[in-house]
Amino acid sequence: MEHSKLSDHKFKKGKFIAPWNELMSELDKEASWYHGRLPEYFWLALILDYYGREDGLIKCYKILKKMRQLAPHFSTPRLSQIFELNDEVQKELYSVVLDTVSSEVIAPLTTIFTYSKYPCFATTFCVAGLSVDERINKISCVMKKSSDHQTHFSTDIRFVVLYFELLSRKLHMPKEVFNLILEYPSLSHDDEKMRIIRPTIRSAELAQTAIEQYNENYLNLFWEEVSRMSDCKLFFVDLTEDIPDTEDYLTQAKSILSYYSELMISSRPLDNKMLVLLGIATYSYKRLLELVKHQLFFTISGRSIARVLIENYIMMKYLLQEEANHKDIWTEYQYYGIGQYKLIVERIRESGKELPNSHVLVDYLDILVGEYKNKEFIDMDTSYFDKKNVREKAISVGEKELFGFYYDYDSAFEHGLWGAIRESSLVKCNSPAHQYHCVPDIENHQKMKSVWKDCLNTMNKIFIVLEDIYGCPAHLRIEAE
């Protein structure tokens, strides 16, 4: 199946709509293959797994043909429906099953459907010599083998289900499609024709979900029992590399900033533009120092640092680009940020609340607000600086890809969006019995890819912005990657 491209999605009201959602609704969990349908047909999966495809299909055919006679009202061979038959019919059907397959084939299911609730089934298929662990392992192995609805094995199961639906005469289709489906059991999966037949099988079997009602009680029991039978099998991602050698780079970065700082002090002490640009660059450098000093390369915090470096770089380029369109964009930028501090201070003071032991030092912030200008004349702008968000600024300065490829990704960690939470803070369980769920990574095993090279590259871009304006001695010059 070819995956859709971003360009195939329709953009409506701020949302990219997936192509499939334009055509149909997603299946409910209860109607999905793995959660809702496989549990019903798991007894067929056990037969196919035990005897192999060729013999397994023949044996399933014999059983289903008799089932059709015993339960003519069935449209699908669901185990939940079999359990609803009266005991006499169940016994007759189970006798046919035992005449066709060994009792140990179905025996693993007796760990789920026990004597207390399903005496007829458990009595028939319980095998004393088969331990509980052996039965549980068999269920787990077959579940793993059939969890993907598009594998050859899963398609074999779905064919058996479809075949019963055809036997029931409740499923109608064009003759050419019918004849194509009938070729399925006689062809190898390597046959070129199967490339057409397999999707046809899956589509036809799936169509029945719109007609058949799922049995919620059965599904709840199945998954509750299966999940209780086994422990989580956790595996985590560790993408850590060797800690990068950062000493030389940081030494050079400090030398560059020292050069510009001395230049400003000696020849441009009141240059507001240079103050802003060097302030942004120095803030970026200090964030880079935090990354290195605390070895945050593989962490959530590291992604926050990568994000702020990108935003700082975009802001520097934007300020330079818009300089000619403003009377004094550099002062505007400073007082936009100071206005945010004033808003925080005023909110706290107006609330009348104290913030003991807080990292928000209200009195100190108030001093910074009024450092150069009476705070009564400082506005508090709650919109984006210059009325454009980071994305708009990035596009404006030709950095759309930097925003779309990196900033948006790192922002997910900054805002605690689910993608970031899943990647960083949840460990995958590899047990099919637990539906491959996730558990919290409280042991901090999950380690992500290092942000160092991206941070370094962005810091280099910041230095090149400064070099383009103020020049740089050859021995200090850095080339962006």
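Parameters and conventions
- Residues numbered from 1 in each chain as written.
- Predicted model: local features only at pLDDT ≥ 70, side-chain atom pairs only at ≥ 80, totals over all residues.
- Heavy atoms only, no water.
- Helix = DSSP H or I, 4+ residues; strand = E, 2+ residues; numbered from the N terminus.
- Buried < 20%, exposed > 50% of the residue type's maximum accessible area, 1.4 Å probe, protein only.
- Contact = heavy atoms within 4.5 Å.
- Areas by Shrake-Rupley, 256 points an atom, 1.4 Å probe, with all protein chains shown as cover.
- 1 Å grid on protein atoms, 1.4 Å probe; cavity = no way out; pocket = protein on both sides within 12 Å on 5 of 7 lines; lining within 4 Å.
- Points joined across faces, edges and corners; volume = space filled by probe spheres on them.
- Nonpolar A, V, L, I, M, F, W, Y, C, P; charged D, E, K, R; others polar.
- Axes fitted to C-alpha atoms, helices over the stretch in contact; angles between N-to-C directions.
- Parallel < 35°, antiparallel > 145°, perpendicular 65-115°, else oblique.
- Left-handed = near helix turned anticlockwise from the far one by under 90°.
- Salt bridge = Lys/Arg side-chain N within 4 Å of Asp/Glu carboxyl O.
- Phe/Tyr/Trp six-rings, centres within 6.5 Å; stacked < 30°, edge-to-face > 60°.
- Lys NZ or Arg CZ within 6 Å of the ring centre and 35° of its normal.
- Expected span 1.5 Å × (residues − 1).
- Arc of directions from axis to C-beta.
- Patch = residues over 30% accessible without salt bridge, like charges linked within 9 Å, V, L, I, M, F, W, Y side chains within 5 Å.

1. A closer look at the overall build of the protein chain
Here is step 1: Secondary structure assignment for the protein chain yields 21 helices and 5 strands.
Here is step 2: Residues classed as buried in the protein chain amount to 43% of the 481 residues present.
Here is step 3: Partitioning the contacts of the protein chain with sequence separation of at least 6, the portion at a separation of at least 24 is 70%.
Here is step 4: Accessible surface computed for the protein chain: about 27100 Å², of which carbon and sulfur atoms make up 52%.

2. Thoughts on the layout of surface pockets
Here is step 1: By volume, the largest pocket is sized at about 1400 Å³.
Here is step 2: In terms of lining residues, the largest pocket is bounded by 35 residues, among which I280, Y333, Q334, G337 and I338 are the most central.
Here is step 3: Secondary structure elements with two or more residues in the lining of the largest pocket: α14 (272–293), α15 (300–322), α16 (329–351), α17 (362–369) and α18 (390–396).
Here is step 4: Looking at side-chain class alone, the lining of the largest pocket contains 20 nonpolar, 8 polar and 7 charged residues.

3. A look at the packing of α14 against α16
Here is step 1: Direction vectors running N to C along α14 and α16 enclose 50°, while the axes themselves pass 8 Å from each other. One element, α14, and the other, α16, form an angle in the oblique class. The handedness of the crossing between α14 and α16 comes out as left-handed. Residues N272, K273, L275, V276, L277 and I280 of α14 pack against W330, T331, Y333 and Q334 of α16.
Here is step 2: Among the residues making up the contact of α14 with α16, the classes are represented as 6 nonpolar, 3 polar and 1 charged.

4. Describing empty space enclosed by the protein
Here is step 1: Per the counting criterion, the structure on display carries 2 cavities of 30 Å³ or more.
Here is step 2: A volume near 60 Å³ is recorded for the largest cavity.
Here is step 3: At the level of secondary structure, the elements contributing two or more residues to the lining of the largest cavity comprise α3 (42–70), α4 (79–84), α5 (87–100) and α7 (119–125).
Here is step 4: At 3 residues, the largest contribution of residues to the lining of the largest cavity is made by α5.
Here is step 5: Of the residues in the lining of the largest cavity, the class split is 10 nonpolar, no polar and no charged.
Here is step 6: Space inside the second largest cavity adds up to approximately 30 Å³.
Here is step 7: Lining the second largest cavity, in full, are R37, Y41, R78, V161, E165, E205, Q208 and T209.
Here is step 8: Residue composition of the lining of the second largest cavity, by class: 2 nonpolar, 2 polar and 4 charged.

5. Describing the pattern of salt bridges
Here is step 1: With the rule as written, the count across this model stands at 20 salt bridges.
Here is step 2: Taking the shortest distance from any N to any O, the salt bridge between R37 and E205 comes out at 2.6 Å. Of this pair, R37 sits in helix α2 (residues 33–37) while E205 sits in helix α11 (residues 194–207); the two residues are 168 residues apart in sequence, bridging distant segments of the chain. Accessibility classification places R37 together with E205 in one group, the buried group.
Here is step 3: Of the charged contacts in the structure, one is a salt bridge between D366 and R349, with a shortest N-O distance of 3.0 Å. On the criterion of sequence distance, the pair formed by D366 in helix α17 and R349 in helix α16 is long-range, its members being 17 residues apart.
Here is step 4: On the accessibility criterion, R349 (38% relative accessible area) is partly exposed.

6. Quick look at the packing of aromatic side chains
Here is step 1: Counting across every chain of the model gives 27 aromatic pairs.
Here is step 2: Geometrically, the ring pair formed by F113 and Y118 is edge-to-face, given 5.2 Å between the ring centres and 85° between the ring planes.
Here is step 3: Residue classification places F113 among the buried residues on the basis of a relative accessible area of 0%.
Here is step 4: Note on F113 and Y218: the rings are 5.5 Å apart at their centroids and 15° apart in plane angle, and the pair reads as stacked. One end of the pair, F113, is in the loop between α6 (103–106) and α7; the other, Y218, is in helix α12 (residues 216–229), with 105 residues separating them in the sequence.
Here is step 5: Among the aromatic residues, ring-to-ring pairing joins Y34, F42, F83, Y94, F113, Y118, F121, F125, Y218, F222 and W223 into one connected group.
Here is step 6: In this structure, K59 packs its charged tip against the face of Y51, placed 4.8 Å from the ring centre.

7. With respect to α11
Here is step 1: Taking 1.5 Å per residue as the helical rise, α11 with its 14 residues ought to reach 20 Å, and the 20 Å between its terminal C-alpha atoms agrees with that figure.
Here is step 2: When α11 is considered as a whole, its buried residues turn out to be M194, I197, R198, I201, R202, A204 and E205. All buried residues of α11 fall inside an arc of 165° around its axis, so they share one side. Turned more than 90 degrees away from the buried face of α11 sit R195 and I196, all of them exposed.
Here is step 3: Close packing links the buried residues of α11 with α2, α3, α9 (152–167) and α10 (175–182).

8. What to know about a nonpolar patch on the surface
Here is step 1: Taken together, the side chains of L361, Y364 and I367 make up a nonpolar region of the molecular surface, amounting to roughly 340 Å² of accessible area.
Here is step 2: Summarising the element assignment, L361 is placed in the loop between α16 and α17.

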